[in-house]
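Below are the chains, spelled out letter by letter.
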Amino acid sequence: SAASDVYKRQLIDDLAERKELILRAYRICQDILGEHRITAICLSFLASIYDQEEDLDLAEKYYFESLEMARRIYGEDGYITADCMLNFGNFYSNNFTDATDKALEYYGQALEIKRTRVGVDSPHLCPILFAIADIEECLEHFDRAKKIYQEIYRIIKLNFGLDSIQ
């Protein structure tokens, strides 16, 4: 329909505008700050935009650069490094049906870092656990997925009480 075409065009225009702004921000951060958390965040945003545009080669490149910068800034076991690993895992999980092992590898590393950093009962683990459970379900490993969902339930119940679970 005409309305649908207008909506799609607006999304494309918005994405192009965001990409231009983030590229400018990235260049400024790179020139002024060098390797800095904000520069790494810009790289991650760029990767996300290229991912949305389905330019998977550039998306992968920027996700990788963001992860490597986070490793240099925060170390292998940094909290932000774990966030970058989660992003990379999501990239592989969402775009490549044959890359579940790669996605699970990144998710597993991110989960271990977060467990060490925030503890085994932290709700910050839930996005990673959900991602892992989703892959396990897709692989028809229903018993594994069920155990992970039970872990998520336990964490939410512990942190927020039964009223938050619906």
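Here's what I pulled together on the structure shown here.

Here the focus is unusual backbone geometry. When glycine is set aside, most residues are seen to have a negative phi, and most peptide bonds are trans. Unusually for a residue other than glycine, Glu54 sits at a positive phi of about 65°. Residue position: Glu54 is located in the loop between α2 (37-52) and α3 (56-74). Among the residues examined, Glu54 registers a relative accessible area of 66% and is labelled exposed. Of note in this structure, Glu140 is not a glycine but carries a positive phi near 60°. Relative to the helices and strands, Glu140 is located in the loop between α6 (126-138) and α7 (142-160). Overall, Glu140 belongs to the exposed group, its relative accessible area being 58%.

For the rest of this paragraph, the subject is the nonpolar core. Leu46, Phe88, Tyr92, Tyr107, Ile128 and Leu129 are the most contacted members of the largest nonpolar core, which has 43 residues in total. Beyond its immediate chain neighbours, meaning those up to four positions away, Tyr107 contacts Leu86, Gly89, Asn90, Ser93, Ile128, Ala131, Ile132 and Ile135.

Right, let's get into the state of the cysteines. Under the counting rule described, the total for this entry stands at zero disulfides. Of all cysteine sulfurs, the one in Cys42 lies closest to Cys29, which takes part in no disulfide; the gap is 4.2 Å. We note that Cys84 lacks a disulfide partner, and the nearest cysteine sulfur, in Cys42, lies 12 Å from it. Here Cys84 falls in the buried class, since its relative accessible area comes to 7%.

Attention shifts here to the packing of α6 against α7. With their axes 8 Å apart at the nearest point, α6 and α7 run at an angle of 160° to one another. Judged by the angle between their axes, α6 and α7 are roughly antiparallel. Judged by the sense of rotation from one axis to the other, the crossing of α6 with α7 is left-handed. Residue-level contacts link Cys126, Leu129, Phe130, Ile132, Ala133, Asp134, Glu136 and Glu137 of α6 to Phe142, Arg144, Ala145, Ile148, Tyr149, Glu151, Ile152, Ile155 and Ile156 of α7. Looking at the contact of α6 with α7 residue by residue, the classes come out as 12 nonpolar, no polar and five charged.

Under the definition given, this model contains 12 aromatic pairs. Look at Tyr50 and Tyr62: their rings are 5.6 Å apart centre to centre, the planes differ by 10°, and that puts the pair in the stacked class. Here the residue Tyr50 occupies a position in helix α2, and Tyr62 occupies one in helix α3, the gap between them amounting to 12 residues. With a relative accessible area of 9%, Tyr50 lands in the buried category. Both rings, one in Tyr92 and one in Tyr106, keep their centres 6.1 Å apart while their planes meet at 10°; by these two values the pair is stacked. A residue pair is termed long-range when its members are at least 10 positions apart, and Tyr92 in helix α4 (residues 79-95) and Tyr106 in helix α5 (residues 100-118) qualify at 14 residues. Taken as a pair, Tyr92 and Tyr106 share a single burial class, namely buried. By way of ring pairs, the aromatic residues Tyr63, Phe64, Phe88, Phe91, Tyr92, Phe96 and Tyr106 are connected into one cluster. Its end group placed over the ring of Tyr79, Lys114 keeps NZ or CZ at 3.8 Å from the ring centre.

Conventions and cut-offs
- Residues numbered from 1 in each chain as written.
- Predicted model: local features only at pLDDT ≥ 70, side-chain atom pairs only at ≥ 80, totals over all residues.
- Heavy atoms only, no water.
- Helix = DSSP H or I, 4+ residues; strand = E, 2+ residues; numbered from the N terminus.
- Buried < 20%, exposed > 50% of the residue type's maximum accessible area, 1.4 Å probe, protein only.
- Core = buried A, V, L, I, M, F, W, Y, C linked by side-chain atoms within 4.5 Å.
- Contact = heavy atoms within 4.5 Å.
- Disulfide = S-S within 2.5 Å.
- Axes fitted to C-alpha atoms, helices over the stretch in contact; angles between N-to-C directions.
- Parallel < 35°, antiparallel > 145°, perpendicular 65-115°, else oblique.
- Left-handed = near helix turned anticlockwise from the far one by under 90°.
- Nonpolar A, V, L, I, M, F, W, Y, C, P; charged D, E, K, R; others polar.
- Phe/Tyr/Trp six-rings, centres within 6.5 Å; stacked < 30°, edge-to-face > 60°.
- Lys NZ or Arg CZ within 6 Å of the ring centre and 35° of its normal.

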